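Secondary and tertiary structure notes
The chain contents come next:
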Amino acid sequence: MSSDALLSRHREALALFGDRVHTVRPDQWDDPTPCTEWSVRDLVNHLTVEQLWVPPLLDGAAIEDLGDSLEGDLLGDDPVAAWDDAAAAARKAFGAPGALKREVALSQGPTRADAYGAQMTADAAVHAWDLSRAIGADEHLPEALVEFTREEVEPYADALAGTGLFAKPVRVPADADAQTRLLGQLGRRA
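Residues numbered from 1 in each chain as written. Predicted model: local features only at pLDDT ≥ 70, side-chain atom pairs only at ≥ 80, totals over all residues. Heavy atoms only, no water.

**Points about the overall build of the chain**
Applicable threshold: By the criteria applied, helices consist of DSSP H or I runs no shorter than four residues and strands consist of E runs no shorter than two, each listed in order from the N terminus. Only protein chains enter the accessibility calculation, which uses a 1.4 Å probe; a residue whose area is less than 20% of its type maximum is buried, one above 50% is exposed, and one in between is partly exposed. Surface exposure here means Shrake-Rupley accessible area, sampled with a 1.4 Å probe, where a residue is shielded only by the protein chains that are shown.
Of regular secondary structure, the chain possesses eight helices and two strands. In sequence order, the chain lays out its α and β elements as α-α-α-α-β-β-α-α-α-α. With the C-alpha coordinates aligned to their principal axes, the bounding extent of the chain is approximately 45 × 40 × 30 Å. Counting across all 190 residues of the chain, residues that qualify as buried make up 46%. For the chain, the accessible surface area stands at approximately 9,800 Å², while carbon and sulfur atoms represent 50% of it.

**Observations regarding the packing of aromatic side chains**
Just so we agree on the cut-off: For this analysis, a ring pair means two rings from Phe, Tyr or Trp (six-membered ring only for Trp) whose centres lie within 6.5 Å, classed as stacked if their planes differ by under 30 degrees, edge-to-face if by over 60, and tilted for the remaining angles.
Scanning the model with the defined rule gives two aromatic pairs in all. Geometrically, the ring pair formed by Phe-94 and Tyr-116 is tilted, given 5.6 Å between the ring centres and 55° between the ring planes. Highlighted residues: Phe-94 in helix α4 (residues 79-95) and Tyr-116 in helix α5 (residues 113-135), separated in sequence by 22 residues.

**Looking at the side chain of Thr-121**
Heads up, the condition is: Whenever two N or O atoms come within 3.5 Å, that pair is a polar contact, provided that in protein one can donate a hydrogen and the other can accept it, and provided that, for residues adjacent in sequence, both atoms are side-chain atoms. We call two residues in contact when some of their heavy atoms are within 4.5 Å.
Along the chain, Thr-121 turns up in helix α5. Judged by its relative accessible area of 0%, Thr-121 falls in the buried class. Within the structure, the side chain of Thr-121 is placed 2.8 Å from the backbone oxygen of Gly-117, a separation counted as a polar contact. When near neighbours in sequence (up to four residues on either side) are disregarded, Thr-121 contacts Leu-6, Arg-9, His-10, Ala-13, Leu-145 and Phe-148.

**Remarks on the nonpolar core**
Just so we agree on the cut-off: For this analysis, a nonpolar core means a set of buried residues of the types Ala, Val, Leu, Ile, Met, Phe, Trp, Tyr and Cys, connected via side-chain atoms within 4.5 Å.
Counting residues in each nonpolar core, the largest one holds 33 residues, and the members touching the most others are Phe-17, Val-21, Trp-29, Val-40, Val-44, Trp-83 and Leu-131. Every element with two or more residues in this core is listed here: α1 (3-23), α2 (40-58), α4, α5, α6 (143-153) and α8 (178-185). With nine residues, the single largest contributor to this core is α5. What Trp-29 contacts, discounting residues up to four positions off in sequence, is Val-21, Val-24, Ser-39, Val-40, Arg-41, Val-44, Pro-79 and Val-80. Val-49, Trp-53, Leu-70 and Ala-113 belong to the second-largest nonpolar core, a separate cluster that totals 20 residues.

Shown next as structure tokens:
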């Protein structure tokens, strides 16, 4: 996939998640999500923190360089603004000249920045669905984003349940659409 195409999918995934963040009502922040251990606030914090990692990692920092500075609830009193700021910083960092050709130091070891960007895009897309389900918003994911995410997670989908971060895959009908198949593969009931 070209850098432009990856950046386009990344922007699309962040925009979709951001649209959902902007529709969270004040009384919904403590509501449960399909991610059984997380409330709406926890889910938004997770994605916000993920975006906050992007600039320093693309600038060559290692995870241990940041210590615990990106741990805990970083949403503060204005979760929407915290998300917007983090998403803007991640978009800018990935879009910097040559950024996707770099290598980043992730917990699993050195990783190409374009592969990191693809993982981040898929994560934002799936969690946009999670947030939509939690707050009662439109759960439809754009077809191009679903296809991108399916292609990204397919090589390692079987191992995800073993990480403890994903539920076991859910059976879906043989004629299920691409979004339903993706969600089922990632342990979600559409």
